[in-house]
Amino acid sequence: MATTSTKPREQEHAISDDPTRSRTLPRRYYNDPEILEAELENIFYKSWLYIGHESQLTEAGSYITGQIYDQNVFLIRGRDEVIRGFYNVCKHRGHKLLEGTGKKPVITCPYHAWAYRLDGSLKSAYGTDTLPDFDPTDYGLTPIRVDSMLGFLFVNLDMDAPTFCEYAPGLEEEIRADVVQIEDLVLVEDSEGLALPGKVACNWKVLVENFQECYHCKPAHKDLCTLFDVANYGTTCYVNFTSATVPHTGKWDNDAYPITPDMAQQNGRFWFIWPNLSFTTIPGTPNISIYRVDPAGPEVTENWTQTFRLADDHSDMNEQRNHWGAHVAGVEDKELCESVQEGMRQRGFSQGRVVHSPDNDPVQAGGEIGVHWHNWKIYDAV
Ligand code: FES
Ligand SMILES: [Fe+2]
């Protein structure tokens, strides 16, 4: 009788730590619920994840909510000005405490009105005064870690995690050096971001890998290649982030959006922070965009984007740049990724091959070193 007992890993090519020799991740990594389970446990519940910007929490009681897959969390500014993070769950019987964003003097649960101070301690719980052995200090909210880099806020469910600065040393200095007027950029509430927000029908890693290489730029992004000199795209990989640079072509009237010789931001810069976040700045007026990719299931990804620019920048360039990012490049990438996800179900595909030449061959637009970096870290973690 035929047997199917061989473990998948024994039938698969190993991923090599040498990108010139490495296969890509086996296709089950892109649709198996058990892989997602392992990724949540070993990666998402232990890594620093972007949640919002300090400017969203200006006053005591201002809060923002967020999710790490199925874990609901919120950040709130205390009366002492400290921004704290907590699981968004009431300690009475588990109702969700806060929705969206806003400002509250106390955090009151909608179900039975248990109330918490801004530091997470239990303030009042109707009817508990006469309960034997009821100590309010046993029912404070469960904290999560919070850290800030240049005003960008990150959370981590692992209370023993290193600080964000220890996690991604050198990142802050690079962003400060290469994003023009980073300290003056403000969150744009009224405009679409650079990337396509919402759901994409693919595993979250397909989108990450697409972001991590420009090997696809020439065949798949014709307009982009008139703006960016993709043959000179270069990526450097560090432990928990990658850093890519691409110069512009000098074609002021290119097919993506018009640029000018005196524009403040000259190069495109792309940072990718393990496991699921990018910071992007592209030519034109000063700008930075956040692009966060979250699994919403084994074969569905939720994209979330925020854009920052100068408060008085209402230039056409800004609008045209965002429109091109979301409606041209973003749509092209969505179609590529959804086709790849179909490929992950095909019996005719098992494992691909990383394309990376040892001398960072410019003909390959820097190749797929960033894809390998992410593949290797996933393989190591799950
Ligand atoms: S669940 Fe929150 S007060 Fe009851
Ligand atoms: Fe792309």
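Residues numbered from 1 in each chain as written. Chains lettered and ligands numbered in written order. Predicted model: local features only at pLDDT ≥ 70, side-chain atom pairs only at ≥ 80, totals over all residues.

### A few points about the nonpolar core
It is characteristic of soluble globular proteins that their nonpolar side chains tend to be buried jointly.
Turning to step 1, where the next piece is worked out: Among the nonpolar cores identified, the biggest contains 79 residues, and I51, F74, L75, F154, L207 and I273 are the most heavily contacted of them.
Turning to step 2, where the next piece is worked out: Of the residues that make up this core, three or more belong to each of domain 1 (49-164) and domain 2 (170-381). (Core = buried A, V, L, I, M, F, W, Y, C linked by C-beta atoms within 7 Å. Buried ≥ 20, exposed ≤ 12 C-beta atoms within 10 Å, placed from the backbone. Domains from an automatic or database assignment.)

### Notes on the pairing of strand β13 (residues 234-237)
Turning to step 1, where the next piece is worked out: Here four bridges tie β13 to strand β14 (residues 241-246), and the two strands are oriented antiparallel to one another. Among the inter-strand pairings, T236 is bridged to a residue of β14, identified as S243. (Pairing = 2+ DSSP bridges. Helix = DSSP H or I, 4+ residues; strand = E, 2+ residues; numbered from the N terminus.)

### Topic: the environment of V188
Turning to step 1, where the next piece is worked out: Looking at where V188 falls in the secondary structure, it is placed in the loop between β11 (185-187) and β12 (198-200).
Turning to step 2, where the next piece is worked out: Exposure remark for V188: the 19 C-beta atoms within 10 Å place this residue in the partly exposed category.

### Structural notes on the sheet that holds strand β10 (residues 152-156)
Turning to step 1, where the next piece is worked out: One open sheet holds the seven strands; their spatial order is β1-β10-β9-β4-β3-β2-β5, and the pairing between them is antiparallel. Edge positions in the sheet fall to β1 (49-53) and β5 (101-103), since each has one partner strand and no second. Strand after strand, the sheet turns through a mean of 30° between neighbouring axes, direction not considered.
Turning to step 2, where the next piece is worked out: For strand β2 (residues 62-68) and strand β3 (residues 71-77), the ladder comprises six bridges, and the chain directions are antiparallel. What sits directly across from Y63, in β3, is I76. (Axes fitted to C-alpha atoms, helices over the stretch in contact; angles between N-to-C directions.)

### Some remarks on the domain arrangement of the protein
Turning to step 1, where the next piece is worked out: According to the domain assignment, the protein consists of domain 1 (49-164) and domain 2 (170-381).
Turning to step 2, where the next piece is worked out: Between the C-alpha centres of domain 1 and domain 2 the distance comes to 32 Å.
Turning to step 3, where the next piece is worked out: Taken residue by residue, the interface counts eight residues in domain 1 and 12 residues in domain 2.
Turning to step 4, where the next piece is worked out: If you tally residues by element for the side of domain 1 that touches domain 2, the top one is β1, at three residues.
Turning to step 5, where the next piece is worked out: Broken down by class, the residue content of the side of domain 1 that touches domain 2 amounts to five nonpolar, three polar and no charged. (Contact = placed C-beta atoms within 7 Å. Nonpolar A, V, L, I, M, F, W, Y, C, P; charged D, E, K, R; others polar.)

### Quick look at the sheet that holds strand β7 (residues 115-116)
Turning to step 1, where the next piece is worked out: Taken in spatial order, the three strands line up as β6-β7-β8 in an open sheet, and their pairing is antiparallel. Looking along the sheet, the strands with just one partner apiece sit at the ends: β6 (107-108) and β8 (122-124).
Turning to step 2, where the next piece is worked out: Bridging between β6 and β7 involves two bridges; their strand directions are antiparallel. Its bridge partner being in β7, I107 is matched across the sheet by Y116.

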